[in-house]
Amino acid sequence: IALDIINKMAGQELNPNSSKQLGTYLESIGVVVPRTAKGNYTVKEETIEDLIVKYPHHRTFLKQVLCTRVLKAKELGTYLRAPISPDGRMRTEFGYTVTGRLTSKKNHNDEGTNLQNQPKYLRSMYIPEPGHVFLDPDLKAAEAMCVAYEIKSDKMKAVFETNKKIHQVVGEWIYDKPYTQLTPEEYHIAKITVHGSNYNMGIHKFARTIGKSLAEARLVREKYFSVVPELKAWHSYVNQEMESTRKLSNFFGRSRIFTGRLDQETFNSGYAQKPQSTVGDIINLGTLGLWLIKPQHIYITTQIHDQILISLPPEDIDWFKPYIVAHLETLRPVRINGDLLTIPIEFDPPKSNWYGK
């Protein structure tokens, strides 16, 4: 179906995975495509994302090309064809990044796949144990909260004392209207702005990610920085700390040593180090605590960075919830610049599958 849409839009049969076919067509409609030294078209996914920013009037077609490629390469190859274990379960093997966040991949028996980056709609295929439901507690706006307290932004900290979501308030700041009037696209852009700006995402990547021109992306980012001016000062402070000590420690005292060249990519990794590693430690330590005290008939099935997925009988939910809150929230406060911060846990309603729909 995705390929049919491309052919209809182009008015001809077109293989989106053929650099020659795609490059020839794009240049026929006025899109200048980069070429290699030998003159061959270069139409990788990153190139297409750059072209979307440069040629916004061709965005719909280029987005469809990306969608088709992802459907074929990522979702079909990585997820839908992932080998299932003989007992019918999808397994994974966990590793970890430099920040301490967990990663996942197929295991040593060549079974399973990455269970942390599953597209949401594919999660409907995952079901709990027979007679069970899924519960997926997560740490509410955890990284953004850590950044707000680290940069000492009274305006950001005040948001977390309300019932509003941080992305709703940032949407109000950017678009100058109540969050109840934000469109889904505006809310999505506000969400990306928080994460991307906090960690100093490059402006070209930011524009690609929110699907806007460079000029529009700069305007969005500058509005955010104007409300949270402490961010740029914090970025400079992290740079100085990395240059002088080659070390950053998170709010539990766990340190990462930076070796090699300190370029902008390394500095950007440094901005994410304290918040991501702190949240990773909270969720990992909390999950371990829960696993040690849980009864055998309750299963912790996977972890998704700031969230865990639990399979349990419906009648045990009210009984087990206080233990979840205790291990993921109450017992995990962190002291940041003199403030004792406890990141709250959120619960969605119980689910009959991982997606919940």
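Residues numbered from 1 in each chain as written. Predicted model: local features only at pLDDT ≥ 70, side-chain atom pairs only at ≥ 80, totals over all residues. Heavy atoms only, no water.

> Any chance you could explain the environment of Lys-44 here in plain terms?
Among the secondary structure elements, Lys-44 is positioned in the loop between α2 (19-28) and α3 (45-54). Lys-44 sits in the exposed class, given a relative accessible area of 51%. Sequence separation between Lys-44 and Val-169 is 125 residues, and the spatial gap between their C-alpha atoms is 36 Å. (Helix = DSSP H or I, 4+ residues; strand = E, 2+ residues; numbered from the N terminus. Buried < 20%, exposed > 50% of the residue type's maximum accessible area, 1.4 Å probe, protein only.)

> I'm lost on the sheet that holds strand β7 (residues 299-303) in this one. Help?
Strands in a sheet are paired, the pairing made by backbone hydrogen bonds, and the direction either parallel or antiparallel. Within the open sheet, the three strands sit side by side as β3-β8-β7. Their pairing is antiparallel. For this open sheet the edge positions go to β3 (133-135) and β7, each flanked by a neighbour on one side alone. Across the sheet, the mean angle from the axis of one strand to that of its neighbour is 25 degrees, orientation sign disregarded. Contacting β7 and β8 (308-312), helix α12 (residues 264-293) crosses the sheet at an angle of about 165 degrees to β7. Sitting on the sheet, helix α13 (residues 317-330) touches β3 and β8, and the angle it makes with β8 is about 155 degrees. (Pairing = 2+ DSSP bridges. Axes fitted to C-alpha atoms, helices over the stretch in contact; angles between N-to-C directions. Contact = heavy atoms within 4.5 Å.)

> Please clarify how the layout of surface pockets should be interpreted in this entry.
A probe matching the size of a water molecule, rolled over the atoms, marks out where space remains unfilled. There is about 2,200 Å³ of room inside the largest pocket. Lining the largest pocket are 47 residues, with Lys-120, Arg-123, His-167, Lys-191 and Asp-306 positioned closest to its centre. Elements with a minimum of two residues in the lining of the largest pocket: α4 (59-80), β4 (138-139), α5 (142-150), α7 (166-175), α8 (184-198) and α9 (203-210). With seven residues, α8 is the single largest residue contributor to the lining of the largest pocket. Partitioned by chemical class, the residues of the lining of the largest pocket number 18 nonpolar, ten polar and 19 charged. Approximately 710 Å³ is the volume found for the second largest pocket. Lining the second largest pocket are 24 residues, with Arg-89, Met-90, Arg-91, Tyr-126 and Ile-127 sitting closest to its centre. Going through the elements one at a time, α4, β7 and β8 are the ones with two or more residues in the lining of the second largest pocket. The dominant element in the lining of the second largest pocket, judged by the number of residues it contributes, is β7, at four residues. Broken down by class, the residue content of the lining of the second largest pocket amounts to 16 nonpolar, five polar and three charged. (1 Å grid on protein atoms, 1.4 Å probe; cavity = no way out; pocket = protein on both sides within 12 Å on 5 of 7 lines; lining within 4 Å. Points joined across faces, edges and corners; volume = space filled by probe spheres on them. Nonpolar A, V, L, I, M, F, W, Y, C, P; charged D, E, K, R; others polar.)

> What is the right way to read the side chain of Thr-193 from this model?
Tracing the chain through its elements places Thr-193 in helix α8. According to the relative accessible area criterion, Thr-193 is buried, its value standing at 0%. Setting aside its immediate chain neighbours within four residues, Thr-193 contacts Ile-174, Asn-198, Phe-206, Val-220 and Tyr-224.

> What exactly am I supposed to notice about unusual backbone geometry here?
A negative phi holds for most residues other than glycine; trans holds for most peptide bonds. Positive phi is not limited to glycine here, since Asp-176 has a value of about 55 degrees. Position of Asp-176 among the secondary structure elements: in the loop between α7 and α8. Residue Asp-176 is classed as exposed on the basis of its relative accessible area of 69%. With a phi angle near 60 degrees, Arg-246 is a residue other than glycine that sits in the positive phi range. Within the secondary structure, Arg-246 is located in the loop between α11 (230-245) and β5 (247-249).

> Please explain a nonpolar patch on the surface as it appears in this structure.
On the surface, Leu-288, Trp-291, Leu-292, Ile-293, Trp-319 and Tyr-323 cluster together into a nonpolar patch covering about 660 Å² of accessible area. Sorting the residues of the nonpolar patch by element identifies α12 and α13 as the ones contributing at least two each. Here the nonpolar patch takes four residues from α12, the largest share from any one element. Looking at where Leu-292 falls in the secondary structure, it is placed in helix α12. (Patch = residues over 30% accessible without salt bridge, like charges linked within 9 Å, V, L, I, M, F, W, Y side chains within 5 Å. Areas by Shrake-Rupley, 256 points an atom, 1.4 Å probe, with all protein chains shown as cover. Salt bridge = Lys/Arg side-chain N within 4 Å of Asp/Glu carboxyl O.)

> What's the story with the confidence of the model for the protein chain in this structure? I'm lost.
Do not read the predicted coordinates in detail wherever pLDDT is low. Of the residues in the protein chain, 97% have a pLDDT of 70 or more, and the chain-wide mean is 90. Averaged pLDDT values for the elements of the protein chain fall to 71 in α4 and rise to 98 in β3. (pLDDT = per-residue confidence, 0-100.)

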